[in-house]
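# Summary of structural features
What follows is the residue order along each chain.
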Amino acid sequence: MTLNTNTLIYFLAFCSGFCIMGIELLGGRILAPFFGSSVHIWGSIITVFMLSLSFGYLLGGKLSTKNASLSKYGLIFLIASVMVLPIVLFAQPIMTFIFTHIEDSRYGSLLASTALFFIPTIILGMISPYSVRLLVTDSEKSGQVAGILYFVSTLGSALGTIITSFYFVLAFDVNTIITAFALTLGALGTLAILLHKIVNTHKEPAHA
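Residues numbered from 1 in each chain as written. Predicted model: local features only at pLDDT ≥ 70, side-chain atom pairs only at ≥ 80, totals over all residues. Heavy atoms only, no water.

## What to know about the packing of helix α2 (residues 39–63) against helix α4 (residues 105–125)
Two measures define how a pair of helices packs: the angle their axes make with one another and the distance between the axes. It is the contact of α2 with α4, at a shortest axis distance of 8 Å, that shows an interaxial angle of 30°. Here α2 lies roughly parallel to α4, going by the angle between them. Along this stretch, α2 crosses α4, giving a crossing that reads as right-handed. Class assignment for the residues of the contact of α2 with α4 results in 13 nonpolar, 10 polar and one charged. (Axes fitted to C-alpha atoms, helices over the stretch in contact; angles between N-to-C directions. Helix = DSSP H or I, 4+ residues; strand = E, 2+ residues; numbered from the N terminus. Parallel < 35°, antiparallel > 145°, perpendicular 65-115°, else oblique. Left-handed = near helix turned anticlockwise from the far one by under 90°. Nonpolar A, V, L, I, M, F, W, Y, C, P; charged D, E, K, R; others polar.)

## Observations regarding helix α6 (residues 142–171)
Compared with the 44 Å implied by 1.5 Å per residue over 30 residues, the 41 Å span of α6 between its first and last C-alpha is a close match. Remark: the principal bend of α6, roughly 50°, maps to T164. Among the residues of α6, those classed as buried are V145, A146, L149, V152, S153, G156, S157, G160, T164 and V169. (Expected span 1.5 Å × (residues − 1). Bend = angle between axes of the 7 residues up to and from the residue. Buried < 20%, exposed > 50% of the residue type's maximum accessible area, 1.4 Å probe, protein only.)

## Here's the deal with unusual backbone geometry
One non-glycine residue, N67, lies in the positive phi region at around 50°. Position of N67 relative to the elements: it lies in the loop between α2 and α3 (70–101). Under the relative-accessibility criterion, N67 is labelled exposed at 66%.

## Structural notes on a nonpolar patch on the surface
A contiguous nonpolar surface patch, about 600 Å² in accessible area, is contributed by F151, L155, L159, I162, F166 and Y167. When you line up the elements, L159 lands in helix α6. L159 gets classed as partly exposed once you look at its relative accessible area, which sits at 33%. (Patch = residues over 30% accessible without salt bridge, like charges linked within 9 Å, V, L, I, M, F, W, Y side chains within 5 Å. Areas by Shrake-Rupley, 256 points an atom, 1.4 Å probe, with all protein chains shown as cover. Salt bridge = Lys/Arg side-chain N within 4 Å of Asp/Glu carboxyl O.)

## Topic: the packing of α4 against helix α5 (residues 127–135)
The contact between α4 and α5 brings their axes to 5 Å, and the two run at 15°. As far as their axial angle goes, α5 and α4 are roughly parallel. Taken together, the residues of α5 that come into contact with α4 (itself represented by I123, L124 and G125) are I127, S128 and P129. A breakdown of the residues in the contact of α4 with α5 according to their chemical character gives four nonpolar, two polar and no charged. (Contact = heavy atoms within 4.5 Å.)

## Things to note about the nonpolar core
A general trend in soluble globular proteins is that nonpolar side chains are found buried together. Of all hydrophobic cores here, the largest spans 52 residues; its most connected members are I23, I30, L31, F35, Y73, M95 and F117. Only α1 (3–35), α2, α3, α4, α5, α6 and α7 (174–207) provide two or more residues apiece to this core. Counting residues per element, this core draws most heavily on α1, which supplies 14 residues. Not counting the four nearest positions on each side in its chain, I23 is found in contact with F49, V84, I87, F117, L124, I178 and F181. (Core = buried A, V, L, I, M, F, W, Y, C linked by side-chain atoms within 4.5 Å.)

## Structural notes on the packing of aromatic side chains
Here the structure, examined in full by the defined rule, presents 12 aromatic pairs. Taken together, a centroid distance of 6.2 Å and an interplanar angle of 70° make the contact between F18 and F181 edge-to-face. Residue F18 is found in helix α1, and its partner F181 is found in helix α7; the two are separated by 163 residues along the sequence. Assessed through its relative accessible area of 5%, F181 is described here as buried. (Phe/Tyr/Trp six-rings, centres within 6.5 Å; stacked < 30°, edge-to-face > 60°.)

## A word on the pattern of salt bridges
Tallying each qualifying case throughout the model produces one salt bridge. Between D104 and R106 there is a salt bridge whose closest N-O contact spans 2.7 Å.

## So, the environment of L111
Here L111 is to be found in helix α4. Sequence separation of L111 and V48 is 63 residues, and the distance between their C-alpha atoms is 9.2 Å.

Below you can see the structure in the form of structure tokens.
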């Protein structure tokens, strides 16, 4: 990977962290009209996000061992973009159905969180280990690279939390913010795929 490519990977990891925590934070706003905003609601949301991220880390690490490329990396972002959109499209009917069939708000909120956030967060969780695989070119520096990557990603998560809670929710409705996150992920994935094609195009004459 070139220096410019590495910079892009760090930037994409930063943005994915931003989007993950922004979506998690908005989860409370999405569930609140049906299940309230008590501590067990947040317990459900956090549990679902932690579990789905852990599965995402496993899958991302597994996928990264099979001919990892910037193009496949971008595809993860595109899939995440598509998987986030159902939160906007189907949240109301899903929560209405669960709310009318499960009386206990603890289990209702847990099921609703799973239905809405489990799959997209798994896909988003795949980004970090895949990023590490693309960045590591020297096994002796793998720990350092992973440390920097998780620093950048976590910094993005912190900013995603504060900016979403302090500014976005005051200026836009929840669906608009979620849609913006989805479009951002899609744009970043497209950028990664295009860069992969550009890099490969520049390499072709050298092999001629």
